[in-house]
Amino acid sequence: MERTFSIIKPDAEGFYYVHRDRPFFGDLVRFMTSGPCIVQVLEGENAVARNRELMGTTDSKKAAAGTIRQKHGTDIEKNAVHGSDGPDTAKFEIGYFFSGAELASLK
Ligand code: GDP
């Protein structure tokens, strides 16, 4: 018997596949894999738009006062949080990390 050490690496490149041709793709993946992430599904009426509102605009330097990105982000790259930008994207992104059985619904 013996022990070995293993790390399961996040597949941030797959998650951001849609941005693969953008010039900041490498920087984005480097930042997303630079530390632990917490992934979560938020549920509620109009959840996509309401979460985008709470997050603030992409660039933390331009985000409105009191938004998560303004309070906790640094700039356009290190902007603290990701949030789906539409219902179809949300479906894809939720399925990327969670199976249906893992999601308990309040309804
Ligand atoms: P979001 O929907 O507000 O997150 O914005 P996008 O879908 O346009 O971009 C996805 C993520 O890529 C953003 O949240 C940023 O972390 C990063 N990003 C966007 N634009 C830039 C940029 O010009 N430079 C860098 N380094 N990262 C960027």
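Read on for an overview of the structure.

The rules behind each value
- Residues numbered from 1 in each chain as written.
- Predicted model: local features only at pLDDT ≥ 70, side-chain atom pairs only at ≥ 80, totals over all residues.
- Heavy atoms only, no water.
- Helix = DSSP H or I, 4+ residues; strand = E, 2+ residues; numbered from the N terminus.
- Buried < 20%, exposed > 50% of the residue type's maximum accessible area, 1.4 Å probe, protein only.
- Contact = heavy atoms within 4.5 Å.
- Areas by Shrake-Rupley, 256 points an atom, 1.4 Å probe, with all protein chains shown as cover.
- Lys, Arg positive; Asp, Glu negative; His and termini not counted.
- Charge placed at Lys NZ, Arg CZ, Asp CG, Glu CD.
- 1 Å grid on protein atoms, 1.4 Å probe; cavity = no way out; pocket = protein on both sides within 12 Å on 5 of 7 lines; lining within 4 Å.
- Points joined across faces, edges and corners; volume = space filled by probe spheres on them.
- Nonpolar A, V, L, I, M, F, W, Y, C, P; charged D, E, K, R; others polar.
- Near = heavy atom within 4 Å.
- Polar contact = N/O pair within 3.5 Å; in protein donor to acceptor, adjacent residues only side chain to side chain.
- Phe/Tyr/Trp six-rings, centres within 6.5 Å; stacked < 30°, edge-to-face > 60°.

### Looking at the overall build of the protein
Logical step 1: Helices and strands together make up the secondary structure of the protein, namely five helices and zero strands.
Logical step 2: Taken along its principal axes, the extent of the C-alpha atoms in the protein is 55 × 40 × 25 Å.
Logical step 3: In the protein, buried positions account for 21% of the 107 residues.
Logical step 4: A separation threshold of at least 6 residues defines the contact pool for the protein, and within that pool the share at least 24 residues apart is 38%.
Logical step 5: Put simply, the protein shows about 8800 Å² of open surface, and 55% of that area lies on carbon and sulfur atoms.
Logical step 6: In the protein, which carries 14 positive and 15 negative side-chain charges, the distance between the mean positions of the two groups comes to 4 Å.

### With respect to the layout of surface pockets
Logical step 1: Taken as a whole, the second largest pocket encloses approximately 170 Å³ of empty space.
Logical step 2: Taken together, Val41, Leu42, Glu43, Ala47, Ile94, Phe98, Leu103, Ala104 and Ser105 make up the full set of residues lining the second largest pocket.
Logical step 3: Of the residues belonging to the lining of the second largest pocket, the class tally is seven nonpolar, one polar and one charged.

### A closer look at the site of the ligand
Logical step 1: In the vicinity of the ligand, the contacting residues are His19, Arg22, Phe24, Leu28, Arg52, Thr58, Arg69, Ile76, Glu77 and Asn79.
Logical step 2: Separating an oxygen atom of the ligand from a side-chain N or O atom of histidine 19 is a distance of 3.3 Å.
Logical step 3: Within the side chain of asparagine 79, a nitrogen or oxygen atom sits 2.8 Å from an oxygen atom of the ligand.
Logical step 4: For the ligand, the accessible surface in isolation is 550 Å², of which the surrounding protein chains cover 81%.

### Observations concerning the packing of aromatic side chains
Logical step 1: For the structure on display, the rule yields five aromatic pairs.
Logical step 2: Seen from their ring centres, phenylalanine 92 and tyrosine 96 are 5.9 Å apart, and the 55° between their planes marks the pair as tilted. With phenylalanine 92 and tyrosine 96 both in helix H5 (residues 87-97) and four residues apart, this pair spans about one turn of that helix.
Logical step 3: Judged by its relative accessible area of 28%, tyrosine 96 is partly exposed.
Logical step 4: Ring centres of tyrosine 96 and phenylalanine 97 lie 5.2 Å apart, and the angle between their planes is 65°; this geometry places the pair in the edge-to-face category.

On their own, these measurements won't tell you what the molecule is for.
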